[in-house]
Amino acid sequence: MQSRRRKYLWLIFSASWLLLVLLGAPRLRQLAIPPSLRPRTLTSWPRWLDQELLPNFVEPEELTKDPCPPSCSTRQWQRQRPGCLMETCFDTSRCQSHGFKVFVYPVGLTQPISEIHHKVLASIEGSGYHTANPEEACLFVLPGDALSPQLLPLWNGGQNHLIFHLHPGSWPDLGFDLGQAMLARASPKPETLRLGFDVALPLFPQSYPQRGGSRGQLAHLIPPPGEDLLAFESQLDARVTGSSNHLDQSTILIISDHHGEASEHHRDGPCKQDHNTDQSEDQKRLYNSTFCFIPPNCHLGSFHLLQALKAGCIPVLLSSGWELPFSEVIDWGTATIMIDERHLLQIKPALQELPPARILALRQQTQFLWDAYFSSVEKIVHTTLEIIRDRIFRAAARPWLLWNAPPGGLLALPTFSTQPGDFPFYYLQRGSRPSGKFSALIWVGALDQPPLKLIQEVAGSQHCAQILVLWSNDSPPPPQGKWPQTTMPLMVIEGRKKKSDRFFPYSAIGTDAILSLDAHSSLSTSEVDFAFVVWQSFPERIVGFQTQSHFWDEIKGSWGYTDQRPNEFSMVLMDAAFYHRYYHVLFTHFLPAPLRDLVDELSECEDILMNFLVAEVTKLPPIKVPQRKPLQEVLQHAQGEQPSRDCISKFASWFGHMPLVHSQLRLDPVLFKDQVSVLRKKYRHLERL
Amino acid sequence: VCKEETVCVSMCAPVKYNIRGPALIPRMKTKHRLYYITLFSVVLLGLIATGVFQFWPHSIESSSDWAVEKRSVHDVPVVRLPADSPLPERGDLSCRMHTCFDVYRCGFNPKNKIKVYIYSLKKYVDDFGVPVSNTISREYNELLTAISDSDFYTDDINRACLFVPSIDVLNQNTLRIKETAQALAQLARWDRGTNQLLFNMLPGEPPDYNTALDVPRDRALLAGGGFSTWTYRQGYDVSIPVYSSLSAEVDLPERGPGPRRYFLLSSQMALHPEYRSDLEALQAKHEESVLVLEKCTNLSEGVLSTRKRCHKDQVFDYPQVLQEASFCMVLRGARLGQAVLSDVLQAGCVPVIIADSYILPFSEVLDWKRASVVIPEEKMRDMYSVLRSIPQRQIEEMQRQARWFWEAYFQSMKAIAMATLQIINDRIYPYAAISYEEWNDPPAVKWSSVSNPLFLPLIPPQSQGFTAIVLTYDRVESLFRVITEVSKVPSLSKLLVVWNNQNKNPPEDSLWPKIRVPLKVVRTAENKLSNRFFPYDEIETEAVLAIDDDIIMLTADELQFGYEVWREFPDRLVGYPGRLHLWDHEMSKWKYESEWTNEVSMVLTGVAFYHKYFNYLYTYKMPGDIKNWVDAHMNCEDIAMNFLVANVTGKAVIKVTPRKKFKCPECTAIDGLSLDQTHMVERSECINKFASVFGTMPLKVVEHRADPVLYKDDFPEKLKSFPNIGSL
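Given the structure is predicted, the values throughout are model-derived calculations rather than measurements.

Caption draft 1: Inspection of the overall build of chain B at higher detail. In terms of helices and strands, chain B carries 20 helices and 25 strands. Each principal axis of the C-alpha distribution contributes one length, and for chain B these read about 115 × 105 × 55 Å. Taken across its 728 residues, chain B has 59% of its residues classed as buried. With the model as given, the accessible surface of chain B reaches about 30,300 Å², and the carbon-plus-sulfur share is 53%. Charged side chains of chain B number 82 positive and 90 negative; the gap between the two group centres comes to 5 Å.

Caption draft 2: Structural view of the overall build of chain A. A count of helices and strands for chain A gives 22 helices and 22 strands. Across chain A, every contact between residues at least 6 apart in sequence was considered, and the portion connecting residues at least 24 apart equals 70%. With an accessible surface of roughly 27,800 Å², chain A has 55% of that area assigned to carbon and sulfur atoms.

Caption draft 3: Structural context of the packing of helix H19 (residues 637–649) of chain B against helix H20 (residues 677–694) of chain B. All names here are of chain B. Taken N-terminus to C-terminus, the directions of H19 and H20 make an angle of 35 degrees; their axes are 10 Å apart at the nearest point. Of the two possible hands of crossing, H19 and H20 adopt the one that is right-handed. Counted together, Asp638, Ile639, Ala640, Phe643, Leu644 and Asn647 of H19 and Arg683, Cys686, Ile687, Phe690, Ala691 and Phe694 of H20 form the full contact between these two elements. Within the contact of H19 with H20, the residues separate by chemical class into nine nonpolar, one polar and two charged.

Caption draft 4: How the structure looks around the packing of helix H17 (residues 612–620) of chain B against H19(B). Residues and elements named next belong to chain B. One way to put it is that H17 packs onto H19 with a least axis distance of 10 Å and a crossing angle of 110 degrees. By the angle class used here, H17 and H19 are roughly perpendicular. Side by side, H17 and H19 meet where Phe614, Asn615, Leu617 and Tyr618 of the first sit next to Glu637, Ala640, Met641, Leu644, Val645, Val648 and Thr649 of the second. For the contact of H17 with H19, the per-class residue count stands at eight nonpolar, two polar and one charged.

Caption draft 5: Representation of the sheet that holds strand E19 (residues 571–572) of chain A. Overall, antiparallel pairing links the three strands, which are arranged E18-E17-E19 (chain A) in an open sheet. Across the chains shown, the open sheet's two edge strands, defined by having one partner strand only, are strand E18 (558–562) and E19 of chain A.

Caption draft 6: Fine view of the environment of B:Val79. All names here are of chain B. Considering the arrangement of structural elements, one finds Val79 in strand E1 (residues 78–80). Of the residues examined, Val79 reaches a relative accessible area of 19% and is grouped as buried. Residue contacts for Val79: discarding those within four places in its chain leaves Lys122, Lys123, Tyr124, Val125 and Gln186.

Caption draft 7: Looking closely at the confidence of the model for chain A. When the pLDDT values of chain A are averaged, the result is 81; 80% of them are 70 or greater. Low pLDDT (under 50) marks residues 234–280 of chain A, which in the prediction has 89 contacts with non-local residues, meaning those over four places away or in another chain.

Caption draft 8: Seen up close, the interface of chain A and chain B. Across the contact, 141 residues belong to chain A and 171 residues belong to chain B. When the buried area of chain A at its contact with chain B is split by residue, A:Trp45, A:Phe57 and A:Arg342 rank highest and sum to 7% of it. The tally of links between chain A and chain B comes to nine salt bridges. In this structure, the salt-bridge partner of B:Arg705 is A:Asp674, at a minimum N-O distance of 3.8 Å. On the surface where chain A and chain B come into contact, there are 53 residue pairs in polar contact (both at pLDDT 80 or more). Inspection of the sheet shows strand E22 (residues 665–669) of chain A paired to strand E25 (residues 704–708) of chain B by five bridges, in the antiparallel sense. In the strand pairing of E25(B), A:Leu667 is matched with B:Ala706.

Caption draft 9: A look at the UniProt feature "domain: Exostosin GT47" (unreviewed entry) in chain B. Feature annotation in UniProt places "domain: Exostosin GT47" (unreviewed entry) on residues 111–390 of chain B, given in this structure's numbering. Summarising residues 111–390 of chain B: 18% helix, 18% strand, and an end-to-end C-alpha distance of 43 Å.

Caption draft 10: Expanded view of the domain arrangement of chain B. Per the domain assignment, the segments of chain B are domain 1 (73–243 + 412–445), domain 2 (245–297 + 304–407) and domain 3 (465–660 + 673–706). Centre-to-centre separation of domain 1 of chain B and domain 3 of chain B, based on C-alpha positions: 56 Å.

Caption draft 11: Molecular detail of the pattern of salt bridges. On inspection of all chains with the given rule, the structure shows 58 salt bridges over all chains. Residue A:Asp371 pairs with A:Lys619 through a salt bridge whose shortest N-O separation is 3.2 Å. Note that A:Asp371 is positioned in helix H12 (residues 356–374) and A:Lys619 in the loop between helix H20 (605–618) and strand E21 (623–624), a separation of 248 residues in sequence. The closest approach of N and O atoms between B:Glu595 and A:Arg680, which form a salt bridge, is 3.5 Å. Here B:Glu595, found in the loop between strand E21 (589–593) and strand E22 (602–603), pairs with A:Arg680, found in the segment after E22, and the two come from separate chains. It is possible to trace a salt-bridge network through shared partners that takes in A:Arg430, B:Arg370, B:Glu397, B:Arg400 and B:Asp441.

Caption draft 12: Highlighting the sheet that holds strand E4 (residues 161–165) of chain A. Residues and elements named next belong to chain A. The strand order E2-E1-E3-E4-E5-E6 describes an open sheet built from six strands, whose pairing is parallel. Here the strands that pair on one side only, and so sit at the sheet edges, are strand E2 (130–131) and strand E6 (199–201). For strand E1 (residues 102–104) and E2, the ladder comprises two bridges, and the chain directions are parallel. Bridge assignment links Val102 to a residue of E2, and that residue is His130. Strands in contact with helix H6 (residues 115–125) are E1, E2, strand E3 (139–141) and E4; relative to E1, the strand with the most contacts, it is inclined by about 140 degrees. Lying on the sheet, helix H13 (residues 377–392) is in contact with E1, E3, E4, strand E5 (182–186) and E6; it crosses E6 at an angle near 165 degrees.

Caption draft 13: Spatial organisation of H17(B). The element H17(B) is extensively covered by neighbouring structure, given that eight of its nine residues are classed as buried. Among the residues of H17(B), B:Lys612, B:Tyr613, B:Phe614, B:Asn615, B:Tyr616, B:Leu617, B:Tyr618 and B:Thr619 are the ones counted as buried. Among the structural elements, H12 of chain A together with strand E15 (466–472), strand E18 (543–548), strand E23 (607–611), helix H18 (626–633) and H19 of chain B are those in contact with the buried residues of H17(B).

Caption draft 14: Spotlight on helix H10 (residues 301–311) of chain A. Residues and elements named next belong to chain A. The buried fraction of H10 amounts to 11 of the 11 residues, a majority that puts the element mostly inside the structure. Listed in full, the buried residues belonging to H10 are Gly301, Ser302, Phe303, His304, Leu305, Leu306, Gln307, Ala308, Leu309, Lys310 and Ala311. At the C-terminal side of H10, Gly312 shows a positive phi close to 75 degrees.

Conventions we followed
Residues numbered from 1 in each chain as written. Chains lettered and ligands numbered in written order. Predicted model: local features only at pLDDT ≥ 70, side-chain atom pairs only at ≥ 80, totals over all residues. Heavy atoms only, no water. Helix = DSSP H or I, 4+ residues; strand = E, 2+ residues; numbered from the N terminus. Buried < 20%, exposed > 50% of the residue type's maximum accessible area, 1.4 Å probe, protein only. Areas by Shrake-Rupley, 256 points an atom, 1.4 Å probe, with all protein chains shown as cover. Lys, Arg positive; Asp, Glu negative; His and termini not counted. Charge placed at Lys NZ, Arg CZ, Asp CG, Glu CD. Contact = heavy atoms within 4.5 Å. Axes fitted to C-alpha atoms, helices over the stretch in contact; angles between N-to-C directions. Left-handed = near helix turned anticlockwise from the far one by under 90°. Nonpolar A, V, L, I, M, F, W, Y, C, P; charged D, E, K, R; others polar. Parallel < 35°, antiparallel > 145°, perpendicular 65-115°, else oblique. Pairing = 2+ DSSP bridges. pLDDT = per-residue confidence, 0-100. Buried area = accessible area lost by both parts, 1.4 Å probe. Salt bridge = Lys/Arg side-chain N within 4 Å of Asp/Glu carboxyl O. Polar contact = N/O pair within 3.5 Å; in protein donor to acceptor, adjacent residues only side chain to side chain. UniProt positions renumbered as here; feature names shortened; annotations may be inferred. Domains from an automatic or database assignment.

Here it is as structure tokens:
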């Protein structure tokens, strides 16, 4: 009995003990951890029992009433308010009849102007928007920033006037009342900038190149191992420099300072312009760092910014204190790292945590921005004009992508389309593709016969949509019935008999792809078919058959071109080439009239100019596809000395650099001349000689 | 509360000790019976206490687990505001993030996410007990609930960086200005309004309707609906929409593209007479395409006047009628911000906004050019021709965009609150800000578009050269032959041997072929195929040549030419043997093809040039389990790489030079690859597996390959740059 009871007791005892341990242990553990370390559930906003019964913040009837007092009348409203907006201070009606035309006051009106202003004026005069007639102008540009504009005949309170203010040192003294004039100012402070009205420019020295300018200098898209993380300019104030000591010295380079004294002195006063253009030492270091810290220093910040962009060093900016150049259209977040200056201590961890994909994108974007908008005075000035144009013609303004993806806003014209998906270079980004057909555009020159055989060969292509004959012959075109019978729609356009007509954006062209042909070109259907299929993979490039190569002629000290270097090429001839119709728009509206006149005067220059243009946009060589005509014949066909040799030099000087790029490859069909049954080959006719 | 348990702990320990051996028990049977029972009951007590803990916790430990209160709004505490309690200053127009906002409170946050605190709800009354405002509106309650449910929320006032008062100021007309300001000023962390965020949708009051909330608020941030340029503090305030309750009430399915009945429609009821006469003139001119709606005068009882609009005798349902128009007018009223904007967007109608100086909602991040047309008030008469000049395709794009803006940022108070907080978050951590595309691209565009990581059209300098990576296991002889051959290529700058054999040491230094470039051997920890694609620090060039240790049939000319081709296409895989994927209609799946075809969609990575960045992508960003799958099956690493590159760039591969054998001349099978059935089946399986992981078939088919310009042309061989192409 005793033992049995004991057993019982034991059993109960141990069972309850077990239970206690099981139940109590987690609770005990919880108690052992101090409350601050314990995971906590949040006290959230209460779910009110009567939340369904709460009143609306406004009765729907009240919203639709919204009585409009007399003061909301349009004109009264405007007069009440100070400051300038495009709506209130700019008369867009001036731009309706003649479009966006820019008039520059003659230089004689004012005091002598600086070299940099001369460059600005030359850039405006070189743009397609320039007009010499003030009557048709929409925008008036002052030839400098130091004159009394009240004397100008068309001043009109500054309305529709633009002043380039490139010497920020003289701020705030422009010396006169700005009135309603727009100000394009280098390194403006946000508080002095009239948002959406003034334009923020970068600061650039007198010696800045007029056009062209050097290319970006990034060699490695991915930071190579051993590259410094961050380059610091030491022109920081004590607080910032002090904090830089906390950062790891081994990865951070403090750039020695040539000009600290001067900038210290000029921090809030006027800044000299050129005192740091000789930056060779600093420059080298910029190339060796992934990030460059740009201090918000006086006006020089924007100059340092440009240097960093050029070097491909990702600028690290403090998010306060200055308005970035062209910030109205450029999304600086895609090319720079912004950080609140009070988070400066966190620069290093923040930068180290950036994923490589982001760094890769930032580095590429610096190069794109530099090359598209900042490398020359001309680009800066043209960007300014385009920004103002976009404001005036809002409905036809460039969307974000056109400004912020290669080739950039200056080369992507909204007159063509405001849909990025229509441009040859944005197909992938927009998930669109070019239309699957092409239009053949056949140029019939003065000495040519109607190209009957050619039409038949081209019309035989399954991808052909229409044939356009550009009749530039002195004799009238043959009547309808004389043309070969094809199922293709055929249309004869009588041009002005100028060479530049070849690249006019005719509204009759209904496809994205154009096959440009000469009356004397000889092409077979399969050559056309294959070339078109290749073009669909490279819609932004020219795809052609016959090639030429440019070279630097040491003896003459000028550019030349030849077809006697058959191992490489940089141009394809336009007597048989595929390209996107957008290039017609660029050729006609982007290039200045004098260049097109040159093409009309000299023979064989239109090929070169078109190749220049496309290479300037794509930065890539054209593409060569095989042709049946034996090479020897092609080489013999070549003339000795080209009469138009100097047009290549002229074009190079207008572009400011040589945009053409060499290539050593040709795209052939996959089984081209392979040792396999010819029946297996899709483009077997290409191999038959 | 915890006492019982602590006692228990101290007592239990000796108990445990005492009862350890059963032999002890008989000795204390009567003597300690009392003691025994006490012990027993203590244990029982402990048990009960624990049970109580377990099953009735929230009454004991407050603020845990079940923390959501179930109360009525009417039960909230009442706070009496003395008439002389302090008043905040008026808003400071010069405030910017770097002057008025205290970022130190936000600190450095590895997640780059601000923390938001919401003050608890109180009812404020003045000295006479008269309430200062409605306690809280339904919309503001929804907004606060949304914040509280989000990642931004914290209930710890000390950790918060942004503070949202529960005082409802959405509509200025429902509150007493001075008293509300006093109520704000007495909040626990008011601190001159620093880091406080107020939401207001209807600012101003008659007659002149200010465009920002009139309540004095020191430095507080204002998320306001209806800012004008003059009151909006760029980069400090946030412009928000005026919420339309129709968003929740009416379910308007998105309308597809296609022509709509009206070109331009105006649905606002209280228009300024001047505007109305302009609109009516427009309607008179363009009978059919313009519709100007008005308030209905003779509606029967019980019909909501807000849901009907009339034109002459015709009655239209609102907002459904908005879907019948391409463009819808959003004219300013007394206030700049109009709730109709939300209705118009919901209907997928393109808003035509006529309100000079109006700061559009979320204009800091949203690109309104893509979804609306803004017309200056002065140009209202020319409006029709401006709108007509917009191509139909663009209108449809704008309609889609308008609808997307509504879905993402307008449709609920939650959407509005989240967008507002995200904007502020982006300002505080600008380097981690959300990109333009993420804010603005509709999901369909995000899906179909490809953003090539190597988007810069740039031909890398030839001088950089390439790094050859030879993956090897133990075929030393063949390896040395490959090394010797590859070292003849002029642009080779470094050679990296990946020694994938853990059981065997690589040959001694002296045995390796002497070549003109640095040669490095990397030993791997495991024999995995993915070792070939690891982004080794030793790779200093952008270009990488992956090459197997048995590829000896390539000439130096061919390799050098391959490098030149890669320079022109640095964002693609440039390889020699090409392969194709085909859709097998019978089996309804993908098939791998290595026959002589006219097309290619893949190149084998047994010899291929590609950008070093793809090594990084392969190692760290390969979708799904593909990487492990490849390592486990010891196959298809090349197909995986082809998928990866095509998917991220949207571009096809480049096959270089004619087709031929690549390994040994004696091998009978083409390319030395065993062409037996199992191999092909396995490879096909890989394609199907990868296509399902990627959710799409990224490979692109092309019909071209790259040859030297003069390849097989009738031209003296010795004058060609690359004569030895296809010669082996």
